[in-house]
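# Topology and contacts: notes
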Amino acid sequence: NAGVTQTPKFQVLKTGQSMTLQCAQDMNHNSMYWYRQDPGMGLRLIYYSASEGTTDKGEVPNGYNVSRLNKREFSLRLESAAPSQTSVYFCASSVRDRTEAFFGQGTRLTVV
Amino acid sequence: GESVGLHLPTLSVQEGDNSIINCAYSNSASDYFIWYKQESGKGPQFIIDIRSNMDKRQGQRVTVLLNKTVKHLSLQIAATQPGDSAVYFCAENGQERGKTSYDKVIFGPGTSLSVIP
(Lines give C-alpha, C1' and ligand atoms only; values in the text may rest on other atoms or scores of the structure.)
Protein backbone atom coordinates (compact mmCIF):
# COMPACT_ATOMS: atom_id res chain seq x y z
CA ASN A 1 0.00 0.00 0.00
CA ALA A 2 1.91 3.05 -1.28
CA GLY A 3 -0.53 5.76 -0.14
CA VAL A 4 -0.03 8.96 -2.15
CA THR A 5 2.68 8.90 -4.80
CA GLN A 6 3.98 12.03 -6.50
CA THR A 7 6.32 12.33 -9.46
CA PRO A 8 8.80 13.78 -10.02
CA LYS A 9 10.51 14.45 -6.68
CA PHE A 10 12.69 17.24 -8.05
CA GLN A 11 12.43 19.44 -11.12
CA VAL A 12 14.18 22.50 -12.49
CA LEU A 13 12.38 24.52 -15.16
CA LYS A 14 13.27 27.57 -17.16
CA THR A 15 10.85 30.47 -17.12
CA GLY A 16 8.11 29.88 -19.66
CA GLN A 17 8.46 26.10 -19.77
CA SER A 18 5.51 23.86 -18.99
CA MET A 19 5.27 20.68 -16.98
CA THR A 20 2.80 18.38 -15.28
CA LEU A 21 3.11 17.07 -11.75
CA GLN A 22 1.59 13.64 -11.34
CA CYS A 23 -0.21 12.30 -8.27
CA ALA A 24 -1.84 8.97 -7.62
CA GLN A 25 -3.42 7.45 -4.51
CA ASP A 26 -4.33 3.83 -3.88
CA MET A 27 -6.60 4.31 -0.86
CA ASN A 28 -9.84 4.69 -2.82
CA HIS A 29 -10.23 8.23 -1.51
CA ASN A 30 -12.84 10.53 -2.98
CA SER A 31 -11.07 13.84 -2.47
CA MET A 32 -7.68 14.98 -3.70
CA TYR A 33 -5.76 18.21 -3.27
CA TRP A 34 -2.74 20.13 -4.48
CA TYR A 35 -0.89 22.40 -2.05
CA ARG A 36 2.20 24.50 -2.30
CA GLN A 37 4.49 25.12 0.64
CA ASP A 38 6.68 28.18 0.88
CA PRO A 39 8.94 29.12 3.80
CA GLY A 40 7.03 30.76 6.62
CA MET A 41 3.69 30.47 4.83
CA GLY A 42 2.46 27.03 5.70
CA LEU A 43 0.52 25.09 3.12
CA ARG A 44 -1.73 26.88 0.66
CA LEU A 45 -4.38 25.11 -1.37
CA ILE A 46 -4.03 25.47 -5.14
CA TYR A 47 -6.84 23.25 -6.41
CA TYR A 48 -8.92 20.43 -5.07
CA SER A 49 -11.18 17.72 -6.37
CA ALA A 50 -14.00 16.78 -4.04
CA SER A 51 -14.84 13.73 -6.11
CA GLU A 52 -14.05 12.13 -9.44
CA GLY A 53 -15.13 14.45 -12.25
CA THR A 54 -15.04 17.68 -10.25
CA THR A 55 -12.33 20.24 -9.63
CA ASP A 56 -12.38 23.62 -7.88
CA LYS A 57 -10.02 26.47 -7.23
CA GLY A 58 -8.37 26.87 -3.88
CA GLU A 59 -6.59 29.84 -2.41
CA VAL A 60 -3.82 30.29 -5.03
CA PRO A 61 -4.96 28.84 -8.40
CA ASN A 62 -3.46 31.40 -10.77
CA GLY A 63 -0.91 29.91 -13.17
CA TYR A 64 -2.06 26.33 -12.61
CA ASN A 65 -4.51 23.87 -14.10
CA VAL A 66 -5.57 20.45 -12.85
CA SER A 67 -7.08 17.27 -14.19
CA ARG A 68 -8.82 14.58 -12.19
CA LEU A 69 -8.07 11.80 -14.61
CA ASN A 70 -9.91 9.13 -12.63
CA LYS A 71 -10.51 8.38 -8.97
CA ARG A 72 -6.85 7.56 -8.40
CA GLU A 73 -5.06 10.32 -10.28
CA PHE A 74 -4.97 14.09 -9.96
CA SER A 75 -2.42 16.05 -11.98
CA LEU A 76 -1.24 19.65 -11.70
CA ARG A 77 -0.04 21.52 -14.77
CA LEU A 78 2.05 24.65 -15.03
CA GLU A 79 1.49 26.05 -18.52
CA SER A 80 4.17 28.75 -18.40
CA ALA A 81 6.38 28.48 -15.36
CA ALA A 82 7.41 31.61 -13.48
CA PRO A 83 10.04 32.08 -10.75
CA SER A 84 7.20 32.81 -8.29
CA GLN A 85 6.13 29.20 -8.72
CA THR A 86 9.34 27.95 -7.15
CA SER A 87 8.04 25.95 -4.22
CA VAL A 88 7.46 22.52 -2.79
CA TYR A 89 4.25 20.99 -4.08
CA PHE A 90 2.27 18.43 -2.15
CA CYS A 91 -0.55 16.26 -3.32
CA ALA A 92 -2.96 14.90 -0.71
CA SER A 93 -6.08 12.80 -0.54
CA SER A 94 -8.84 12.15 1.95
CA VAL A 95 -11.90 9.97 2.22
CA ARG A 96 -14.17 13.03 2.29
CA ASP A 97 -14.47 16.46 3.79
CA ARG A 98 -13.43 16.92 7.41
CA THR A 99 -11.30 13.84 7.57
CA GLU A 100 -7.56 13.49 7.76
CA ALA A 101 -5.58 14.10 4.63
CA PHE A 102 -2.75 11.85 3.52
CA PHE A 103 0.13 13.63 1.84
CA GLY A 104 2.66 12.59 -0.74
CA GLN A 105 6.39 13.14 -0.33
CA GLY A 106 6.35 16.37 -2.29
CA THR A 107 7.87 17.76 -5.49
CA ARG A 108 10.56 20.37 -5.12
CA LEU A 109 10.25 22.69 -8.12
CA THR A 110 12.71 25.42 -9.01
CA VAL A 111 11.97 27.86 -11.82
CA VAL A 112 14.98 29.81 -13.06
CA GLY B 1 -9.13 38.13 7.54
CA GLU B 2 -9.26 34.55 8.69
CA SER B 3 -6.02 33.17 9.94
CA VAL B 4 -4.46 30.41 11.87
CA GLY B 5 -1.34 31.34 13.74
CA LEU B 6 1.11 29.85 16.15
CA HIS B 7 2.32 31.60 19.27
CA LEU B 8 5.81 30.10 19.18
CA PRO B 9 7.61 29.55 15.91
CA THR B 10 10.32 27.43 17.56
CA LEU B 11 10.31 25.24 20.62
CA SER B 12 13.18 23.36 22.25
CA VAL B 13 12.49 20.75 24.91
CA GLN B 14 14.53 18.26 26.85
CA GLU B 15 14.03 14.63 26.00
CA GLY B 16 11.48 13.14 28.37
CA ASP B 17 9.76 16.45 29.10
CA ASN B 18 6.29 17.32 27.89
CA SER B 19 5.86 19.65 24.92
CA ILE B 20 3.02 22.08 24.34
CA ILE B 21 2.48 23.65 20.93
CA ASN B 22 -0.12 26.37 20.69
CA CYS B 23 -2.28 27.60 17.85
CA ALA B 24 -4.75 30.49 17.59
CA TYR B 25 -7.52 30.65 15.04
CA SER B 26 -9.81 33.49 14.09
CA ASN B 27 -12.69 31.84 12.22
CA SER B 28 -15.39 31.16 14.79
CA ALA B 29 -17.18 29.02 12.19
CA SER B 30 -14.36 26.48 12.11
CA ASP B 31 -15.63 23.13 13.30
CA TYR B 32 -12.81 20.71 12.60
CA PHE B 33 -9.15 21.00 13.54
CA ILE B 34 -6.17 18.86 12.70
CA TRP B 35 -2.57 18.64 13.82
CA TYR B 36 0.07 17.49 11.34
CA LYS B 37 3.72 16.63 11.84
CA GLN B 38 6.22 17.26 9.08
CA GLU B 39 9.70 15.81 9.21
CA SER B 40 12.45 17.26 7.07
CA GLY B 41 12.05 16.33 3.43
CA LYS B 42 8.72 14.60 3.94
CA GLY B 43 5.07 15.40 3.53
CA PRO B 44 2.86 16.31 6.50
CA GLN B 45 1.61 13.38 8.52
CA PHE B 46 -1.66 13.33 10.45
CA ILE B 47 -1.30 13.27 14.23
CA ILE B 48 -4.70 13.92 15.72
CA ASP B 49 -7.91 15.77 15.02
CA ILE B 50 -10.74 17.24 17.05
CA ARG B 51 -14.22 18.46 16.21
CA SER B 52 -15.81 21.53 17.69
CA ASN B 53 -18.21 19.53 19.84
CA MET B 54 -15.26 18.32 21.89
CA ASP B 55 -12.84 20.08 24.25
CA LYS B 56 -10.20 17.40 24.49
CA ARG B 57 -9.06 14.37 22.59
CA GLN B 58 -6.27 11.98 23.42
CA GLY B 59 -4.13 9.79 21.25
CA GLN B 60 -0.97 7.87 21.83
CA ARG B 61 1.27 10.30 23.81
CA VAL B 62 -0.59 13.26 22.31
CA THR B 63 -3.51 15.32 23.54
CA VAL B 64 -5.29 18.10 21.70
CA LEU B 65 -7.19 20.73 23.64
CA LEU B 66 -9.72 23.05 22.07
CA ASN B 67 -10.87 26.25 23.74
CA LYS B 68 -13.58 27.73 21.58
CA THR B 69 -14.11 30.67 23.90
CA VAL B 70 -10.71 32.12 23.12
CA LYS B 71 -10.28 30.31 19.78
CA HIS B 72 -7.20 28.45 20.87
CA LEU B 73 -5.89 25.00 20.08
CA SER B 74 -2.97 23.19 21.66
CA LEU B 75 -1.08 19.99 21.08
CA GLN B 76 0.53 18.31 24.06
CA ILE B 77 3.18 15.66 23.53
CA ALA B 78 4.01 13.57 26.58
CA ALA B 79 7.55 12.33 27.26
CA THR B 80 8.97 13.98 24.17
CA GLN B 81 11.40 11.84 22.22
CA PRO B 82 14.07 12.70 19.63
CA GLY B 83 11.80 11.29 16.95
CA ASP B 84 9.29 14.01 17.77
CA SER B 85 11.62 16.66 16.32
CA ALA B 86 9.73 18.12 13.39
CA VAL B 87 7.56 21.03 12.30
CA TYR B 88 4.02 20.87 13.61
CA PHE B 89 1.12 22.47 11.78
CA CYS B 90 -2.37 23.12 12.98
CA ALA B 91 -5.12 23.36 10.38
CA GLU B 92 -8.73 24.45 10.64
CA ASN B 93 -11.67 23.54 8.48
CA GLY B 94 -14.34 26.21 8.53
CA GLN B 95 -17.91 25.89 7.48
CA GLU B 96 -19.57 28.14 4.99
CA ARG B 97 -23.28 27.83 4.39
CA GLY B 98 -24.15 26.28 1.05
CA LYS B 99 -20.57 25.54 0.06
CA THR B 100 -18.12 22.73 0.39
CA SER B 101 -15.51 23.50 2.93
CA TYR B 102 -12.37 22.29 1.25
CA ASP B 103 -11.23 25.74 0.29
CA LYS B 104 -11.59 26.81 3.90
CA VAL B 105 -8.89 24.48 5.15
CA ILE B 106 -6.34 26.91 6.53
CA PHE B 107 -2.90 25.88 7.71
CA GLY B 108 -0.82 27.79 10.20
CA PRO B 109 2.84 28.59 9.42
CA GLY B 110 4.14 25.82 11.69
CA THR B 111 6.18 25.42 14.87
CA SER B 112 9.57 23.78 14.78
CA LEU B 113 10.07 21.42 17.71
CA SER B 114 13.62 20.44 18.62
CA VAL B 115 14.25 17.75 21.21
CA ILE B 116 17.47 18.02 23.18
CA PRO B 117 18.90 14.58 24.05
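Higher on the page you've got the structure.
The structure contained in this document is the topic of the report that follows. (Residues numbered from 1 in each chain as written. Chains lettered and ligands numbered in written order. Predicted model: local features only at pLDDT ≥ 70, side-chain atom pairs only at ≥ 80, totals over all residues. Heavy atoms only, no water.)

## Section: the layout of surface pockets
Quantified by volume, the largest pocket comes out at close to 460 Å³. Along the walls of the largest pocket sit 24 residues, with Gln37, Val88, Phe90 and Arg108 of chain A together with Gln38 of chain B positioned nearest its centre. Those elements that place two or more of their residues in the lining of the largest pocket are strand E9 (87–94) and strand E11 (107–111) of chain A together with strand E9 (86–94) of chain B. Residue contributions to the lining of the largest pocket peak at three residues, all from E9 of chain A. The residue inventory of the lining of the largest pocket, partitioned by class, reads eight nonpolar, 11 polar and five charged. (1 Å grid on protein atoms, 1.4 Å probe; cavity = no way out; pocket = protein on both sides within 12 Å on 5 of 7 lines; lining within 4 Å. Points joined across faces, edges and corners; volume = space filled by probe spheres on them. Helix = DSSP H or I, 4+ residues; strand = E, 2+ residues; numbered from the N terminus. Nonpolar A, V, L, I, M, F, W, Y, C, P; charged D, E, K, R; others polar.)

## Considering the environment of Pro9 of chain B
Residues and elements named next belong to chain B. If you trace the backbone, Pro9 turns up in the loop between strand E1 (4–5) and strand E2 (10–14). C-alpha separation for the pair Pro9 and Tyr88, spaced 79 residues apart in sequence, amounts to 9.7 Å. Leaving out residues up to four positions away in the same chain, Pro9 has contacts with Gly110, Thr111 and Ser112. (Contact = heavy atoms within 4.5 Å.)

## Considerations on unusual backbone geometry
Cis geometry marks the peptide bond from Thr7 of chain A to Pro8 of chain A; its omega dihedral reads -5°. Although it is not a glycine, Ala79 of chain B adopts a positive phi angle of roughly 50°. By secondary structure assignment, the location of Ala79 of chain B is in the loop between strand E8 (72–77) and E9.

## Concerning the interface of chain B and chain A
Listed per partner, the contact involves 23 residues of chain B and 22 residues of chain A. When chain B packs against chain A, close to 1,800 Å² is buried across both sides, 53% of that on carbon and sulfur atoms. Seen at the junction of chain B and chain A, the total is zero salt bridges. In this structure, the connection of chain B to chain A is made through three residue pairs in polar contact (both at pLDDT 80 or more). Looking at the side of chain B that touches chain A, the elements with two or more residues in it are strand E4 (30–38), strand E5 (45–51), E9 and strand E10 (105–107) of chain B. In terms of residue count, the dominant contributor to the side of chain B that touches chain A is E4 of chain B (five residues). (Buried area = accessible area lost by both parts, 1.4 Å probe. Salt bridge = Lys/Arg side-chain N within 4 Å of Asp/Glu carboxyl O. Polar contact = N/O pair within 3.5 Å; in protein donor to acceptor, adjacent residues only side chain to side chain.)

## Considering the state of the cysteines
All names here are of chain B. Counting across every chain of the model gives two disulfides over all chains. Paired through a disulfide, Cys23 and Cys90 show a sulfur-sulfur distance of 1.8 Å. Taking the sign of the S-S torsion, 60° for the link of Cys23 and Cys90, the bridge is right-handed. Residue Cys23 is found in strand E3 (residues 19–25), and its partner Cys90 is found in strand E9; the two are separated by 67 residues along the sequence. The buried category is assigned to Cys23, whose relative accessible area is 2%. For Cys90, a relative accessible area of 1% translates into the label buried. (Disulfide = S-S within 2.5 Å. Buried < 20%, exposed > 50% of the residue type's maximum accessible area, 1.4 Å probe, protein only.)

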